[in-house]
Amino acid sequence: MKYVVMIFRNLDRTWTEEDQQGVVRLTRLKRELDESGELVSSEGLLPPEEGRIVQIRDGEQVVTDGPFGEAKEQLAGYFLVDAVDDERAQAIASLVSAAIDDRVELRGTLISAGMPDELG
């Protein structure tokens, strides 16, 4: 089953040497998960001010530049993994959490969980 491990970052924090070491640890973990065949993809994201909202309004494309939310914590990156079971997915999420020394969010993906018929 596929799972997303989401990494968040508080926008009020200044980048530190510990953050840089966290990137090194994440890169090492990414390599290990790739070698084990569990890594589907992993990326860090540009800051929210680099993002855009894209939507269709009255049949026309409308693009709005960021930043968007008032939230201080924003999605900073993710690992998409293919784990044999929930226990292994939690173990991988724990490794990501340890690498960044912060909490992460773990969610299974809808299609790999078996999308309900009413959604398909």
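Definitions and cut-offs
- Residues numbered from 1 in each chain as written.
- Predicted model: local features only at pLDDT ≥ 70, side-chain atom pairs only at ≥ 80, totals over all residues.
- Heavy atoms only, no water.
- Helix = DSSP H or I, 4+ residues; strand = E, 2+ residues; numbered from the N terminus.
- Expected span 1.5 Å × (residues − 1).
- Buried < 20%, exposed > 50% of the residue type's maximum accessible area, 1.4 Å probe, protein only.
- Arc of directions from axis to C-beta.
- Contact = heavy atoms within 4.5 Å.
- Polar contact = N/O pair within 3.5 Å; in protein donor to acceptor, adjacent residues only side chain to side chain.
- Pairing = 2+ DSSP bridges.
- Axes fitted to C-alpha atoms, helices over the stretch in contact; angles between N-to-C directions.
- Core = buried A, V, L, I, M, F, W, Y, C linked by side-chain atoms within 4.5 Å.
- Parallel < 35°, antiparallel > 145°, perpendicular 65-115°, else oblique.
- Nonpolar A, V, L, I, M, F, W, Y, C, P; charged D, E, K, R; others polar.

Caption draft 1: Inspection of helix H1 (residues 17-36) at higher detail. Counted at 1.5 Å a residue, the expected span for H1 with its 20 residues is 28 Å, and the 29 Å between its end C-alpha atoms agrees. All of the buried residues in H1 are Asp19, Gly22, Leu26, Leu29 and Leu33. Along H1, the residues classed as buried sweep out an arc of 70° about the axis, all on the same side. Opposite the buried face of H1, at more than 90 degrees from it, the exposed residues are Glu17, Asp34 and Glu35. If you follow the buried residues of H1, they end up packed against strand S1 (2-10), strand S2 (39-44), strand S5 (73-82) and helix H2 (86-100). In this structure Thr16 caps H1, since a side-chain oxygen of it lies 3.3 Å from the backbone nitrogen of Glu18. Gly37 sits one or two positions beyond H1 and adopts a positive phi of about 85°.

Caption draft 2: Molecular detail of the sheet that holds strand S6 (residues 104-108). Sheet architecture is open: four strands sit in the order S2-S5-S1-S6, paired in antiparallel fashion. Looking at which strands have only one partner, the edges of the open sheet turn out to be S2 and S6. Ignoring which end each strand starts from, the neighbouring axes of this sheet average 20° apart. Bridge count between S1 and S6: five bridges; the pairing is antiparallel.

Caption draft 3: Structural context of the nonpolar core. In terms of nonpolar packing, the biggest core is built from 16 residues, with Leu33, Phe79 and Val96 touching the most fellow members. Mapped onto this core, the elements with two or more residues apiece are S1, H1, S5 and H2. Take this core: its biggest share by element is five residues, from H2. In contact with Leu33, not counting residues within four places along its chain, are Glu38, Leu39, Phe79, Val81, Arg88 and Ile92.

Caption draft 4: Here's a closer look at unusual backbone geometry. Residue Asp58 is not a glycine yet carries a positive backbone phi of 50°. Along the chain, the position of Asp58 falls in the loop between strand S3 (52-57) and strand S4 (60-65). With relative accessibility at 81%, the residue Asp58 sits in the exposed group. Of note in the backbone geometry, Asp101 takes a positive phi value of approximately 55° without being a glycine.

Caption draft 5: View of the packing of H1 against H2. Packing of H1 against H2 leaves a shortest axis separation of 7 Å and a crossing angle of 155°. In this view, H1 runs roughly antiparallel relative to H2, as classed from their interaxial angle. Along its contact with H1, which presents Gly22, Arg25, Leu26, Leu29 and Leu33, the element H2 presents Arg88, Ile92, Leu95, Val96, Ala98, Ala99 and Ile100. Residues of the contact of H1 with H2, tallied by class, amount to nine nonpolar, one polar and two charged.

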